[in-house]
Amino acid sequence: MHRSRLVMVLCCAVFVIGGLLEDTCPARAQNQAERTLASFFDIGGYFFLDHKLVNAIGSPKFYSEGNFFSAPARIGSYEVAGGVEFLSANDHFFPFSGGNSVSFVGPCVRFSTPLRNNHLRFLLTLGAYATTLNAGSVGVDTTTFAPGGAIEADYRFARYFTFSAGFRIGSSIHGYNTSGFIIGLRFF
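Bear in mind that the values here come from a model prediction, so they are computed numbers and not experimental data.

### Remarks on the packing of aromatic side chains
Tallying each qualifying case throughout the model produces six aromatic pairs. Ring geometry for Phe 161 versus Phe 187: centroids 5.6 Å apart, planes at 80°, classification edge-to-face. With Phe 161 in strand S8 (residues 161-169) and Phe 187 in strand S11 (residues 180-187), the pair connects residues that are 26 residues apart, well separated along the chain. For Phe 161, a relative accessible area of 34% gives the class partly exposed. Residue classification places Phe 187 among the partly exposed positions, given a relative accessible area of 26%. These aromatic residues form a ring-pair network of at least three members: Tyr 46, Phe 48 and Tyr 63. The aromatic ring of Tyr 176 is capped on one face by Lys 52, whose charged end is 4.9 Å from the ring centroid. Here the basic side chain of Arg 168 rests over the ring of Tyr 129, its NZ or CZ set 5.5 Å away from the ring centre.

Structure representation (C-alpha cells):
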C-alpha cells in the first residue's frame, strides 16, 4: 500500500516535469539538467529536532537535495517557480543509498528573491511530499504522503558555490517528527 502511494507521487512528478518543460528552450533545459545532476553531490547536514527520532536513527545526517524547477516567473522583486524536489537525509554521503534515512519526494512551489553574488537570497518552499522513514533500530520502514516545506537563506559567494541554511518543516511518521535544520554547500 505504501509503495502504491510512492508510485502515484512519482507519476505526478513526471507529469509536472513534462508540463514545466513544454515551453523551455534546449539550452535552458540542458543547463537545468546539469544543475539538477550536480545538486545530488551537494554537501550538507540535516539536524533533527525530535529527540525520539534522534535516538532511533541518530543525528546529524548527510543531506542532499535534487530539484527540478521551471523558469521562475517574476512578481515584483520576487520569483515563483514550480517543480519537483528529491531530498534525502541519511547515514551515507550519496542520496538514497540506504541505512537509517528520511527522504522527501514531491511536487512543490518555491518563492524566492533573485540569486545574486555576495547577496542573501531568501526562499520559501511549500509542497506535498511522499516522506519515507527508515529506522532499522526500531523496525520502522514506512512512507506517508503529507504537506511540508522549508524556509531557507542562501549566500552565493562565487559563481558556482552557494552556502545555504534553513529549517525544513516535515511530517510526523509513527510519532517521529521529521522537521529539522539544514546547512549545506551547493554547487551551481
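Moving on, there is more to tell.
### Regarding the pattern of salt bridges
Enumeration over the complete set of coordinates arrives at seven salt bridges. Salt-bridge contacts for Asp 154 lead to Arg 121; the nearest nitrogen and oxygen are separated by 3.1 Å. Remark: Arg 121 occurs in strand S6 (residues 120-135) and Asp 154 occurs in strand S7 (residues 140-158); sequence separation between them is 33 residues. Given the relative accessible area of 13%, Arg 121 is considered buried. Among the ionic pairs, Asp 154 bridges to Arg 186, the shortest N-O distance being 2.8 Å. In this pair, Asp 154 is assigned in strand S7 and Arg 186 in strand S11, connecting sequence segments 32 residues apart. Across the pair, exposure class does not vary: Asp 154 and Arg 186 are buried alike. Residues participating in the shared-partner salt-bridge network are Glu 65, Arg 121, Glu 152, Asp 154 and Arg 186.

How each quantity is defined
- Residues numbered from 1 in each chain as written.
- Predicted model: local features only at pLDDT ≥ 70, side-chain atom pairs only at ≥ 80, totals over all residues.
- Heavy atoms only, no water.
- Phe/Tyr/Trp six-rings, centres within 6.5 Å; stacked < 30°, edge-to-face > 60°.
- Helix = DSSP H or I, 4+ residues; strand = E, 2+ residues; numbered from the N terminus.
- Buried < 20%, exposed > 50% of the residue type's maximum accessible area, 1.4 Å probe, protein only.
- Lys NZ or Arg CZ within 6 Å of the ring centre and 35° of its normal.
- Salt bridge = Lys/Arg side-chain N within 4 Å of Asp/Glu carboxyl O.

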